[in-house]
Amino acid sequence: MAINPSIITRDLDKIADKTENIYESLHIVGQRAKQISNTLKEELNMKLSEFASTVDNLEEVFENKEQIEISKFYERMPKPSTLAMEEFMEGKVYSRFPEEPTAE
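Named according to an unreviewed UniProt entry, the protein chain is DNA-directed RNA polymerase subunit omega originating from Algoriphagus winogradskyi. The UniProt entry for the protein chain carries the following text under Catalytic activity (unreviewed entry): "RNA(n) + a ribonucleoside 5'-triphosphate = RNA(n+1) + diphosphate". Note on the protein chain: under the UniProt heading Sequence similarities (unreviewed entry), the record states "Belongs to the RNA polymerase subunit omega family."

Moving on to the packing of helix α2 (residues 22–49) against helix α5 (residues 80–89). Two quantities define a packed helix pair, namely the angle between the helix axes and the distance between the axes. One can describe the packing of α2 onto α5 by two numbers: an axis separation of 8 Å at closest approach and a directional angle of 125 degrees. In this view, α2 runs oblique relative to α5, as classed from their interaxial angle. The chirality of how α2 crosses α5 is right-handed. Of the residues in α5, those in contact with Ser 25, Leu 26, Ile 28, Val 29, Arg 32, Ala 33, Ile 36, Ser 37 and Leu 40 of α2 are Pro 80, Ser 81, Leu 83, Ala 84, Met 85, Glu 87 and Phe 88.

Two numbers describe how α2 lies on helix α4 (residues 65–76): the axes approach to 10 Å, and their chain directions differ by 170 degrees. By the angle class used here, α2 and α4 are roughly antiparallel. Across the interface between the two elements, Leu 40, Glu 43, Leu 44, Lys 47 and Leu 48 of α2 pack against Gln 67, Ile 70, Ser 71 and Tyr 74 of α4.

Thresholds applied
Residues numbered from 1 in each chain as written. Predicted model: local features only at pLDDT ≥ 70, side-chain atom pairs only at ≥ 80, totals over all residues. Heavy atoms only, no water. UniProt positions renumbered as here; feature names shortened; annotations may be inferred. Axes fitted to C-alpha atoms, helices over the stretch in contact; angles between N-to-C directions. Helix = DSSP H or I, 4+ residues; strand = E, 2+ residues; numbered from the N terminus. Parallel < 35°, antiparallel > 145°, perpendicular 65-115°, else oblique. Left-handed = near helix turned anticlockwise from the far one by under 90°. Contact = heavy atoms within 4.5 Å.

Here is the structure:
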């Protein structure tokens, strides 16, 4: 079984040190990963929409190498969770708790 070389073991204490709570840290990383994923998905859809046609025939499907290259580029990119964890560990992620509404 091949192991992805980009997978590394993380020190949970270092992750927890950022917020003093491992669960809060992982929640922040998860939320950032969702943001990154949504952004990448929008970018990919915009680039692929340039190739959209109303008529699909078999020849167009096999000849559209640019679309295939764009898709392969996005497949080779690091996963959003990996990017989010790197940003978090480098202190590039800002997080805050929403303010509680005050009763009047």
